[in-house]
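Here's the letter readout for the chains.
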Amino acid sequence: MCGIVGYIGKKEAYPIILEGLKRLEYRGYDSAGIALYDGENLKLSKTKGKVSDLENKITKDKQLTNGNVGIGHTRWATHGVPNDVNSHPHYSNSGELVIIHNGIIENYASIKKELINRGYTFSSDTDTEVLINLIEDVKKNENVKLGKAVQIALNQVIGAYAIAVFDKNKPDEIVVAKLGSPLAIGVGEDEFFIASDATPFLEYTKKAIYLEDEEMAIVRLKKGVKIRKIKDDSLVAPYIQELQLNLEQIVKGGYDHFMLKEIHEQPEAIKDTYRGRLNVKEGLIRMAGIDDNLERILNANRIIVIACGTSWHAGLVAEYIFEDLARIPVEVEYASEFRYRNPVITEKDVVIAISQSGETADTLAAIKLAKSKGAFVFGVCNVVGSSIARETHAGAYTHAGPEIGVASTKAFTTQITVLTLIALKLAKEKGTISKSVFQHHLQELELIPGKVEKALLQDEHIKTVAETYKDAKNCLYLGRGYNFPVALEGALKLKEISYIHAEGYPAAEMKHGPIALIDEQMPVFVIATKKGHYEKVVSNIQEIKSRKGKIIGIVTEGDEDVKHLADHVIEVPDTIESLTPLLTTIPLQLLSYHIAVMLDKNVDQPRNLAKSVTVE
Ligand code: AGP
């Protein structure tokens, strides 16, 4: 995610902002920039690369020297590839205003078009540069001060933001606003700090104000912090907290590990991933990468999914969704196998390459092989401008934000979200599902973040289940239909962070061998949600029970049948069958996390593993 930092006070702003950006590096970014006001001039310096690259550039250019007010930014690209021009801060056309922004403005294209008609020009591809010029346009036309202009402008945008805006004509204030992305104000002695979290200012003050969604604040050196509701301009009394967290705790959002933080970020990550793409009211799915290549994709003989690890499991879920809804044949291939087995590939093939990091060597090589044989390659990546994102013909990003923990969690659910949107879009274009079925899927998808939140509430119960089975030496994970890939993913999670051997199987496959493993030492995690072939899974559970296996059922809330058969059940909310993987994976993520913590494993950096396998 992007990081924002600002300072206004009696000290030199530059060193505070620069160090503050370094504190936010953990959030993941691809470029950085700082704007300073020295009492006369508003200047900025920005660059693709690291904060250290920015520091070197500023030192070399001797552009930014002094000033006691400024803003800084680390950018995680969502619109526009990582480069100097797209980096923040962004000037308005007049050069009098400057902005930094964390989030996504969904309707920036229509606003940009209107501003161009009014004579505004743009140097970057970002939604942020559109926002600062909208603010400037409002300020001029309504003849209002910056604060009011920001408030009016934000009532015209759709999306998520944490912004800081500065006007060189009002150098004693910084205007901030928040919706969907975090923003904290550090309250010091005759000085104020602005940041995405408290890490940049914790050493200066432990007093912080956390803006709520749809709030904005004018941070004035002499007059303090005035908070207003963006919607109706009503005043909000500032609530100043005394922070108890230490630096490391803040970096992890108060969680003990990045993996746990990222598990809990999934509702927001899924929402950010469908934001701007899913329009339930109008019954639309907008995905430029698909829209621009629709004929090619609709006329494909088949879709070949290539990926590794968790991304491969997301590809398996895609196979069920694409074939079930869009009736397009799908094959899912391990990239490492595909690239060497001399596969038959033609121009009529569409390849979907899935990768969180966008740097996995086997996946990249498989893409190049497919392209060399004339296939159309579509990428689903989480890192803008990554090698795979640049190598593919088109693509769609998951907006999961940086995934720091080696074990993939929010990458998996946001990949499934993107793949579901694609499958639904193709199914609608092909007419393989009715309008009402399409609309029902959109409505259910929009409810998923809330249902994931609900599934996460089982955490304490899951911890007790983890306590019961943490000493197991081998585990089995079973699922059927859409939940078979989730069983594989659950087994991988347990393996890679707790080092307990685990296998995932289709539930019906038990009779073909694995049932020989069943005894009282073998915990069996069975995904038995009401949708799909529920009764058949229940009979699989009975087969295990009759052989004294330990059964942990992942069930639809309110399920009574499995409850009487299993040793433990963990409930997830009900949803339509094709979306169950987004919910059933949650308890399995938490289960593997708690077992690994109880076994005192290095959860975020498990042994022998790398976050991105950039070598064969
Ligand atoms: C899953 O938890 C692992 N981190 C690993 O299997 C990962 O999914 C795999 O290496 C693929 O990585 P990618 O999505 O970045 O290509």
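Structure first, text after, so check above.
Everything numeric here is computed off the predicted structure, so don't read it as measured data.

J.: Sorry, what's going on with the sheet that holds strand β11 (residues 207-210) here?
T.: Backbone hydrogen bonds hold the strands of a sheet together, and the pairing may be parallel or antiparallel. Pairing in this open sheet of eight strands is antiparallel, and the strands run β3-β2-β4-β1-β10-β9-β11-β15 from one edge to the other. Here the strands that pair on one side only, and so sit at the sheet edges, are β3 (42-48) and β15 (241-242). Bridging between strand β2 (residues 31-37) and strand β4 (residues 69-75) involves seven bridges; their strand directions are antiparallel. Within β4, the position partnered with A35 by the bridge is I71. Along the sheet, helix α2 (residues 51-61) makes contact with β2, β3 and β4, crossing β3 at roughly 135°.

J.: What's the story with the packing of helix α3 (residues 108-117) against helix α4 (residues 127-142) in this structure? I'm lost.
T.: Closest axis-to-axis distance for the α3/α4 pair is 9 Å, and the angle between their directions is 50°. By the criterion of interaxial angle, the relationship of α3 to α4 is oblique. The chirality of how α3 crosses α4 is left-handed. Across the interface between the two elements, Y108, I111, K112 and L115 from α3 touch D127, V130, N133, L134 and D137 from α4.

J.: Explanation requested: helix α19 (residues 534-545) in the structure shown.
T.: For an α-helix, the turn length of 3.6 residues means that residues three or four places apart are oriented alike. The end-to-end C-alpha separation of α19 is 16 Å, in line with the 16 Å expected for 12 residues at 1.5 Å each. Among the residues making up α19, those that are buried are Y534, V537, V538, N540, I541 and I544. Along the long axis of α19, the arc covered by the buried residues comes to 155°, so they all point the same way. Lining the buried residues of α19 we find β23 (474-479), β25 (523-528), β26 (550-556) and α20 (561-565).

J.: Help me understand the site of the ligand in this model?
T.: What surrounds the ligand is a group of 14 residues, the closest being S311, S355, S357, T360 and E496. At a separation of 3.0 Å, an oxygen atom of the ligand approaches a polar side-chain atom of K493. In the model, an oxygen atom of the ligand is placed 2.5 Å from a nitrogen or oxygen of the E496 side chain. Out of a free accessible area of 410 Å², the ligand has 92% covered by protein chains. Sorting the residues of the shell around the ligand by element identifies α11 (309-326) and α18 (484-498) as the ones contributing at least two each. Ranked by residue count, the leading element in the shell around the ligand is α11, at three residues. Classifying every residue of the shell around the ligand by side-chain character gives four nonpolar, eight polar and two charged.

Conventions and cut-offs
- Residues numbered from 1 in each chain as written.
- Predicted model: local features only at pLDDT ≥ 70, side-chain atom pairs only at ≥ 80, totals over all residues.
- Heavy atoms only, no water.
- Pairing = 2+ DSSP bridges.
- Helix = DSSP H or I, 4+ residues; strand = E, 2+ residues; numbered from the N terminus.
- Contact = heavy atoms within 4.5 Å.
- Axes fitted to C-alpha atoms, helices over the stretch in contact; angles between N-to-C directions.
- Parallel < 35°, antiparallel > 145°, perpendicular 65-115°, else oblique.
- Left-handed = near helix turned anticlockwise from the far one by under 90°.
- Expected span 1.5 Å × (residues − 1).
- Buried < 20%, exposed > 50% of the residue type's maximum accessible area, 1.4 Å probe, protein only.
- Arc of directions from axis to C-beta.
- Near = heavy atom within 4 Å.
- Polar contact = N/O pair within 3.5 Å; in protein donor to acceptor, adjacent residues only side chain to side chain.
- Areas by Shrake-Rupley, 256 points an atom, 1.4 Å probe, with all protein chains shown as cover.
- Nonpolar A, V, L, I, M, F, W, Y, C, P; charged D, E, K, R; others polar.

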